[in-house]
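# Breakdown of the fold
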Amino acid sequence: MRALLRRTGVRLVTLTGPGGVGKTRLARRVAGQLASDYGDGECFVTLESVRDPALVPAAIAQALGLREQGALGLVDRLASFLFDRRILLVLDNFEHVAIAAPVVADLLAACPLLEVLATSRGSLRLSGEHEFPVAPLALPDLASRHAPDALVAYPGVELFVERARTVRPDFELSEENAGAVGAICARVDGLPLAIELAAARVGLLSPDEILERLAHPFELLTGGPRDLPDRQRTLGDTIAWSLDLLDDSARRVFKRLGVFAGGFTIGAAEAVAGANGPAGVFDALAALVDHGLVQRPAETGPDSRPRLLETIREFALDELAASGEEGEIRAKHAAYYVALAGEGDTGRLEAEQANLRAALRWYLVSEDQDGALALSAALSAFWLSRGHLSEGRRWLEQALALGDGPPTAERARASIAAGLLAYHQAEYAVAVSHCQRGLELCRDRGDEAGAARALAALALARTRAGDPAAVPQAEEAVALYRRLDDEAGVGRSLETLGRVLWVQGDYADARARLEESRAAARRLGARDLAARASQGLGWVALADGDLNRAEALLDESLTEFRELGDRWWMLRGICGLGHVAARRGAHAAARARFEEGLEIASQLGDPMLEAACLEGLAHAYGPASAARLLAAAEGLRERAGAAWPAFVHADFACSADSARRALGEERFAAEWARGRTTRVTRIVGLARPRSPGHPAGLTPREVEVLRLVASGLTDAQVAERLVLSVRTVHSHVRSIYRKLGVSSRTGATGYALRAGLG
């Protein structure tokens with residue numbers, strides 16, 4: 001595999017073979033060993049829980065840590081991100097989303113340095129594809145007698161013994177059982193998953209007894225009966241045999257667990273799979289884990305996630321359908337995730353995306369509009385914070401399209417949510433339409449609190465569209481909340497009004513509204529709202545030229561957002577502090593802030609803040625670089641279609657005029673044109689001064705990472721210190737290793753100490 005991937009011209013390799021043959025493990029091992037061959041490393045994308053081929057680009061984007069960027073399509077966003085990156089993209093379990101294969105072809109065509117390693121039961125059928133059939137594990141010749149120490153040298157037998165010891169630590173290969181163990185591995189044709197399932201039985205059965213129960217081994221994919229689903233041609237008999245060892249309660253829980261996609265928590269299993277509540281579910285789960293039908297969670301604790309392998313899950317779903325209770329269990333599953341979505345725990349929702357999608361799909365298929373609206377509306381804040389804009393809108397709009405029923409609270413919330421997601425995709429007319437519909441529904445219901453939410457959302461959409469109606473609608477939202485004596489609503493809507501006024505350049509009124517919002521937040525103990533209001537006041541102070549006050553407010557809010565883990569608001573604070581440093585002439589500090597902000601903005605997919613960081617960097621570099629940076633920022637804002645905040649527009653014009661005077665009209669125009677056609681990362685790289693103090697060609701950010709690594713911090717701790725994702729730190733560390741010619745943290749630390757960076 002390594003030799004094939006290193007061959008010139010080979011850019012797409014597909015590992016093929018039956019389910020359970022070990023394609024995923026081989027892909028992980030090869031990708032890990034070859035990561036250093038790729039300048040930007042490798043990215044592993046798990047597709048087993050992605051049921052809709054249309055969501056394959058979203059799964060790839062999530063694995064890369066990308067969010068959608070304005071109106072730019074997700075495939076185009078991926079192509080833009082991967083265009084000049086040398087990376088190995090691993091797409092695991094592609095067979096059930098094979099219709100999405102053209103996405104792979106498009107990315108390979110658009111990204112000349114990209115290479116793809118896929119796993120699938122069949123080839124992707126794309127031009128230039130190299131198929132690599134994965135053979136089962138090597139087995140002994142049963143016609144010959146083998147001593148135990150010679151037999152265990154065969155990988156199939158070695159795997160059996162290793163897995164058997166996880167359920168029976170004293171298991172040993174002996175003269176008495178060696179023949180039976182070899183025969184078991186042969187009977188299941190050396191398929192790793194089947195060997196593991198068989199080995200899990202040594203807690204109850206001897207190898208001879210296991211072999212006896214394998215008198216009729218399951219048939220392989222290429223020779224199975226044509227009237228069976230593909231997934232049952234290899235593992236169906238093994239799974240059924242495993243189920244025969246369980247009692248009725250465990251078998252009942254097993255088939256019900258099939259409704260979970262991508263894993264589940266113990267609490268979720270108890271809520272959904274129990275006959276009469278959680279009683280007995282835990283014991284049944286333990287039995288299923290012991291018998292290899294449920295995979296053990298990587299970690300223990302309240303959020304640990306056991307899961308069924310996908311082939312086993314499909315078998316469980318078939319059993320559930322045959323039992324006649326599929327509708328009841330799927331309804332319980334969907335209701336559980338409606339309640340979970342209502343709690344708003346974004347970390348938990350991130351882990352449960354596959355289950356949330358399964359629940360949404362069930363509501364749509366069963367035409368349960370109330371359920372679909374309730375769940376999609378409850379998820380809208382999560383989709384917004386994580387950047388799943390197109391997916392969220394697709395679910396919301398499908399739910400709304402089920403009919404025009406009565407003006408329920410769920411329908412109104414879903415309309416407002418669809419409007420907010422459209423707003424963040426710079427589709428302002430669509431956003432206004434959805435929010436206006438939500439407002440009408442709330443008014444029809446006499447729901448004043450809902451109407452206030454809709455008005456605030458409308459104000460945001462109309463602000464970016466440059467509509468003067470934004471301020472009156474934001475003011476109406478505040479008035480409604482005041483009439484309802486809803487202090488939290490008043491505080492939130494005042495912060496929204498303050499932002500709207502700041503965008504329009506009314507800084508005095510913006511300051512007054514934000515001060516009032518902050519006071520309300522402090523009375524309520526609402527840290528997040530208080531921090532947002534403080535940050536808004538910092539931006540007002542910056543626009544007024546009060547740098548000391550701006551710095552104090554922005555720094556105060558940034559500290560809060562670091563503790564709250566809100567990266568979007570952290571980014572706005574970092575950008576504001578960069579402007580403070582730039583206006584004081586502290587160009588090195590400003591560059592550090594804006595480059596840090598630019599990195600985060602790129603990860604979050606926020607084009608407005610990415611543009612703001614580029615505009616800030618223009619203050620810290622010479623006129624030629626400034627012209628290119630400003631041109632790139634202008635392009636981002638134009639593509640997003642957003643109105644310019646008054647402060648930004650004035651600052652932008654001043655910077656552009658300064659660069660034009662320094663360069664002259666002809667040179668300025670040339671640099672501007674260059675900025676409009678060059679990738680942002682390239683522009684920043686050209687602007688950044690080279691430091692003779694870093695002979696290995698390390699960037700300033702890499703030097704910063706290296707210092708922290710040399711001090712003994714883990715990648716996770718470095719990420720927390722620098723406000724980066726762990727994936728980004730991994731990428732920096734790999735780049736540092738490559739530039740220094742080392743392969744370990746010890747080697748990198750040695751370099752740092754010798755270079756005086758420790």
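Computed from a predicted model, the values in this text were never measured in an experiment. (Residues numbered from 1 in each chain as written. Predicted model: local features only at pLDDT ≥ 70, side-chain atom pairs only at ≥ 80, totals over all residues. Heavy atoms only, no water.)

## Section: the overall build of the protein chain
Looking only at helices and strands, the protein chain has 40 helices and 5 strands in total. Taking all contacts inside the protein chain whose residues are at least 6 apart in sequence as the whole, residues at least 24 apart take part in 67%. (Helix = DSSP H or I, 4+ residues; strand = E, 2+ residues; numbered from the N terminus. Contact = heavy atoms within 4.5 Å.)

## Examining the nonpolar core
As a rule of thumb, nonpolar side chains are buried together in soluble globular proteins. Judged by nonpolar contacts, the single largest core of 95 residues is most densely connected at Trp-502, Leu-614 and Leu-629. Here this core takes 10 residues from helix α24 (residues 448-464), the largest share from any one element. Sequence-distant contacts of Leu-629, defined by excluding residues within four places in its chain, comprise Leu-614, Leu-617, Ala-618, Tyr-621, Ile-683 and Val-684. By size, the runner-up hydrophobic cluster in this structure holds 58 residues, among which are Leu-243, Phe-254, Leu-285 and Leu-309. (Core = buried A, V, L, I, M, F, W, Y, C linked by side-chain atoms within 4.5 Å. Buried < 20%, exposed > 50% of the residue type's maximum accessible area, 1.4 Å probe, protein only.)

## A few points about the packing of helix α7 (residues 155-167) against helix α8 (residues 178-187)
In contact at an axis separation of 9 Å, α7 and α8 are set at 110° when each is read in the N-to-C sense. Taken as axis vectors, α7 and α8 run roughly perpendicular relative to one another. Counted together, Gly-156, Val-157 and Phe-160 of α7 and Val-181, Gly-182, Ile-184 and Cys-185 of α8 form the full contact between these two elements. (Axes fitted to C-alpha atoms, helices over the stretch in contact; angles between N-to-C directions. Parallel < 35°, antiparallel > 145°, perpendicular 65-115°, else oblique.)

## Here we look at the packing of aromatic side chains
All chains considered together, the criterion is met by 11 aromatic pairs. Ring geometry for Tyr-336 versus Tyr-337: centroids 5.0 Å apart, planes at 85°, classification edge-to-face. Looking at Tyr-337, the relative accessible area reads 0%, which means it is buried. Between Phe-668 and Trp-672, the ring centres sit 5.3 Å apart and the planes meet at 40°, which makes this aromatic pair tilted. Within this pair, Phe-668 and its partner Trp-672 are both found in helix α35 (residues 665-677), separated by 4 residues, close to a single helical turn. (Phe/Tyr/Trp six-rings, centres within 6.5 Å; stacked < 30°, edge-to-face > 60°.)

## So, the environment of Asp-141
The residue Asp-141 is located in the loop between β5 (129-133) and α6 (148-151) in this model. For Asp-141, a relative accessible area of 46% corresponds to the partly exposed category. As a C-alpha pair, Asp-141 and Gly-182 span 41 residues in sequence and 8.7 Å in three-dimensional space.

## Looking at the confidence of the model for the protein chain
On average, residues of the protein chain score 85 in pLDDT, and 88% of them reach the 70 mark or higher. Confidence drops under pLDDT 50 across residues 216-234; counting only partners more than four residues distant or on other chains, this segment forms 37 contacts. (pLDDT = per-residue confidence, 0-100.)

## Comments concerning the sheet that holds β5
Pairing in this open sheet of 5 strands is parallel, and the strands run β2-β3-β4-β1-β5 from one edge to the other. Every interior strand has two partners, whereas the edge strands, β2 (42-46) and β5, have only one. Across the sheet, the axes of successive neighbouring strands diverge by a mean angle of 20°, strand direction being ignored. For β2 and strand β3 (residues 88-92), the ladder comprises 5 bridges, and the chain directions are parallel. (Pairing = 2+ DSSP bridges.)

## Observations concerning helix α13 (residues 266-273)
Owing to its 3.6 residues per turn, the α-helix brings residues three or four apart onto one side. Residues of α13 that are buried include every one of Ala-268, Ala-269, Val-272 and Ala-273, and no others. Across the axial projection of α13, the buried residues extend over an arc of 100°, all falling on one side. (Arc of directions from axis to C-beta.)

## Description of the pattern of salt bridges
Enumeration over the complete set of coordinates arrives at 41 salt bridges. Between Arg-523 and Glu-487 there is a salt bridge, with its nearest N and O atoms 2.6 Å apart. In this pair, Arg-523 is assigned in helix α27 (residues 507-524) and Glu-487 in helix α26 (residues 487-504), connecting sequence segments 36 residues apart. A relative accessible area of 59% places Arg-523 in the exposed class. Given a relative accessible area of 30%, Glu-487 falls into the partly exposed group. With a closest N to O distance of 2.9 Å, Arg-667 and Glu-671 form a salt bridge. Residue Arg-667 and its partner Glu-671 are located together in helix α35, separated by 4 residues, close to a single helical turn. A cluster of three or more residues bridged by salt bridges with shared partners is formed by Arg-25, Glu-162, Arg-163 and Glu-196. (Salt bridge = Lys/Arg side-chain N within 4 Å of Asp/Glu carboxyl O.)

## Looking at the side chain of Asn-355
Relative to the elements of secondary structure, Asn-355 occurs in helix α18 (residues 353-365). The exposure class assigned to Asn-355 is buried, which follows from its relative accessible area of 0%. A polar contact is formed between the side chain of Asn-355 and the side chain of Glu-352, at a distance of 2.8 Å. Discounting residues that sit within four places of it in the chain, Asn-355 has contacts with Val-259, Phe-260, Ala-261, Gly-263, Arg-305, His-333 and Tyr-337. (Polar contact = N/O pair within 3.5 Å; in protein donor to acceptor, adjacent residues only side chain to side chain.)

## Remarks on the state of the cysteines
Such a bond, covalent and formed between the sulfur atoms of two cysteines, is termed a disulfide. Applying the stated criterion across every chain yields a total of 0 disulfides. Take Cys-613: it sits in no disulfide, and the sulfur closest to it among the cysteines is that of Cys-575, at 4.3 Å. Of the residues examined, Cys-613 reaches a relative accessible area of 0% and is grouped as buried. (Disulfide = S-S within 2.5 Å.)

## So, unusual backbone geometry
You will see that Arg-125, though not glycine, has its phi angle at about 60°, which is positive. Looking at the element boundaries, Arg-125 is found in the loop between β4 (115-120) and β5. Looking at Arg-125, the relative accessible area reads 76%, which means it is exposed. In this structure, Asp-485 is a non-glycine residue whose phi angle is positive, near 55°. Secondary-structure assignment places Asp-485 in the loop between α25 (470-483) and α26. Of the residues examined, Asp-485 reaches a relative accessible area of 69% and is grouped as exposed.

## Some points on the environment of Ile-210
Among the secondary structure elements, Ile-210 is positioned in helix α10 (residues 207-213). A C-alpha to C-alpha distance of 7.5 Å links Ile-210 and Ile-184, two positions 26 residues apart in sequence.

## Looking at helix α5 (residues 101-110)
Within the span of α5, buried status applies to Ala-101, Val-103, Val-104, Leu-107 and Leu-108. Buried residues of α5, viewed axially, fall in a sector of 155°; they line one side. Buried residues belonging to α5 abut β1 (12-16), α3 (56-64), α4 (74-82), β3 and β4.

## Focus: the packing of α7 against helix α9 (residues 192-199)
With their axes 8 Å apart at the nearest point, α7 and α9 run at an angle of 40° to one another. It follows that α7 is oblique to α9 by the angle criterion. Viewed along their axes, α7 and α9 form a crossing whose handedness is right-handed. Every residue of α9 that contacts α7 at Gly-156, Leu-159, Phe-160, Arg-163, Ala-164 and Val-167 is listed here: Pro-192, Ile-195, Glu-196, Ala-198 and Ala-199. Looking at side-chain class alone, the contact of α7 with α9 contains 8 nonpolar, 1 polar and 2 charged residues. (Left-handed = near helix turned anticlockwise from the far one by under 90°. Nonpolar A, V, L, I, M, F, W, Y, C, P; charged D, E, K, R; others polar.)

## With respect to the environment of Val-478
Along the polypeptide, Val-478 turns up in helix α25. Here Val-478 falls in the buried class, since its relative accessible area comes to 5%. If near-sequence neighbours (up to four positions away) are discounted, Val-478 is found in contact with Val-490, Ser-493, Leu-494 and Leu-497.

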